Amino acid sequence: MKPFGSFLTFSEARSIVEAAIKPLSRSEPVGIDESSGRVLAETMVACLSVPSFDRAAMDGYAVRAADTAGSSRQNPGILRVTGALHAGETLKMAVEAGECFQIATGAMVPFGADAVVPVENTEADSGSVKVLKPVSKGANLSQKGEDIKEGDTILDAGLVLDAGKIGVLASQGLTKVKVYAKPKAAIISSGEEVANLGSKLSPGKIYDINSHTIAAVVKDNGGIPLLLGVVHDKPKEIERNIAGVLDNDVI
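About the cut-offs
Residues numbered from 1 in each chain as written. Predicted model: local features only at pLDDT ≥ 70, side-chain atom pairs only at ≥ 80, totals over all residues. Heavy atoms only, no water. Helix = DSSP H or I, 4+ residues; strand = E, 2+ residues; numbered from the N terminus. Rg over C-alpha atoms; globule rule 2.2 N^0.38 Å. Contact = heavy atoms within 4.5 Å. Areas by Shrake-Rupley, 256 points an atom, 1.4 Å probe, with all protein chains shown as cover. Lys, Arg positive; Asp, Glu negative; His and termini not counted. Charge placed at Lys NZ, Arg CZ, Asp CG, Glu CD. Pairing = 2+ DSSP bridges. Axes fitted to C-alpha atoms, helices over the stretch in contact; angles between N-to-C directions. Buried < 20%, exposed > 50% of the residue type's maximum accessible area, 1.4 Å probe, protein only. Arc of directions from axis to C-beta. Patch = residues over 30% accessible without salt bridge, like charges linked within 9 Å, V, L, I, M, F, W, Y side chains within 5 Å. Salt bridge = Lys/Arg side-chain N within 4 Å of Asp/Glu carboxyl O. Core = buried A, V, L, I, M, F, W, Y, C linked by side-chain atoms within 4.5 Å. Polar contact = N/O pair within 3.5 Å; in protein donor to acceptor, adjacent residues only side chain to side chain.

A. Summary view of the overall build of the protein. Within the protein, the secondary structure is distributed over 4 helices and 16 strands. Against the compact-globule benchmark of 18 Å for 251 residues, the protein has a radius of gyration of 32 Å, which places it well outside the compact range. Residue pairs in contact within the protein that sit at least 24 positions apart in sequence constitute 71% of those at least 6 positions apart. Total accessible area on the protein is roughly 15800 Å²; 54% of this is exposed by carbon and sulfur atoms. One way to put it: in the protein the 26 positive side-chain charges average out to a point 5 Å from where the 31 negative ones average out.

This is the structure:
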């Protein structure tokens, strides 16, 4: 047993490690449902607006806001109901002056309408509806592009993908996304006294704890651990074990 000739400080050791690290440039496509925790390899630009059309923010009636001016419970405005729209449906008919469409939350607002009167502020009356409270233009609507506008940058390269960012990708209809490859970390345990898990523990031996602990840390930080097992304290043997797995993704 030879004493250590000299020691490195933590900052010196860290500097040596950081100087040897090269960022991964290789990327790969993965399904968005498998992309959580991965690092985005490309800047994402919206190919469509979200929502992609003006839609009702609540159940009620699609109206021309001007037709509701002055409406009250004492003096309700009366509009003729000319149709109904549910979420996912489209209608070629337009809302004309004095008319309205019954509409469900999420449904596309018909041409000509510029507001929605909530159902609780109305009273149905045999083919017509009484408006008990006026609305202003744009009221109770989610306008096209309110959340995301086509052409906008929605995610920058280098971001770690999480639930919210994956939702943004899904809003664009994407099934796959380009991410950087996971780094691989080669892990060895050295020491004459260290034994592999599952082996019979001889007197004077201890089980390999560190490599499995470090492997869990690597996984938790998005890497792939390569467990090379226990080797003797011989530089040449250590070099052979490392050389057998080295590639561009191994650190």
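Now that the structure has been shown, we can carry on.
B. Representation of the sheet that holds strand E4 (residues 60–63). As summarised here, the arrangement of the 6 strands in space is E7-E4-E6-E5-E9-E8, forming an open sheet in which the pairing is mixed. Of all strands in the sheet, those with a lone pairing partner are strand E7 (115–118) and strand E8 (122–124), marking the two edges. Within the sheet, the average angular offset between the axes of one strand and its neighbour, ignoring direction, is 40 degrees.

C. Main features of helix H3 (residues 210–220). For H3, the full list of buried residues reads Ser211, Ala215 and Val218. On an axial view of H3, the arc spanned by its buried residues comes to 60 degrees, and they lie on one face. The exposed set on the far side of H3, more than 90 degrees from its buried face, consists of Asn210 and Asp220. Positive phi appears at Gly222, one or two residues downstream of H3, with a value of about 85 degrees.

D. How the structure looks around a nonpolar patch on the surface. A contiguous nonpolar patch, built from Leu197, Leu201 and Tyr207 and spanning about 260 Å² of accessible area, is present on the exposed surface. Here Tyr207 is to be found in strand E15 (residues 206–207).

E. The arrangement of the pattern of salt bridges in detail. The full count for this structure, using the stated rule, is 6 salt bridges. The closest approach of N and O atoms between Glu28 and Arg38, which form a salt bridge, is 2.6 Å. With a gap of 10 residues between them, Glu28 in strand E1 (residues 27–31) and Arg38 in the loop between E1 and strand E2 (44–45) connect regions that are remote in the sequence. Notably, a salt bridge pairs Lys165 with Asp162, separated by 3.3 Å at the nearest N-O pair. Note on Asp162: relative accessible area 35%, which makes it partly exposed. When salt bridges with common partners are traced through the structure, they connect Arg26, Glu28 and Arg38 into a single cluster.

F. Quick peek at the nonpolar core. If you look at the biggest cluster of nonpolar residues, it comprises 14 residues, and the most contacted ones within it are Leu40, Met44, Leu155, Leu161, Leu169 and Val177. In contact with Leu161, other than residues within four places in its own chain, are Ser35, Ser36, Gly37, Arg38, Leu40, Leu155, Ile166, Leu169, Val177 and Val179.

G. Main features of the environment of Ser71. Within the secondary structure layout, Ser71 lies in the loop between E4 and strand E5 (77–85). Excluding its chain neighbours within four sequence positions, the residues that come into contact with Ser71 are Gly77, Val131, Leu132, Lys133 and Pro134. Here the side chain of Ser71 touches Gly77 through a polar contact of 3.4 Å, landing on its backbone nitrogen.

H. Inspection of unusual backbone geometry at higher detail. A cis amide bond links Val50 with the next residue in sequence, Pro51, at an omega value of -10 degrees. The residue Pro51 is located in the loop between E2 and strand E3 (55–56) in this model. For Ser126, which is not a glycine, the phi torsion comes out positive at approximately 50 degrees. Within the fold, Ser126 resides in the loop between E8 and strand E9 (128–131). Given the relative accessible area of 77%, Ser126 is considered exposed. One non-glycine residue, Asn140, lies in positive phi territory at about 60 degrees. By the secondary structure assignment, Asn140 is in the loop between E9 and strand E10 (141–142).

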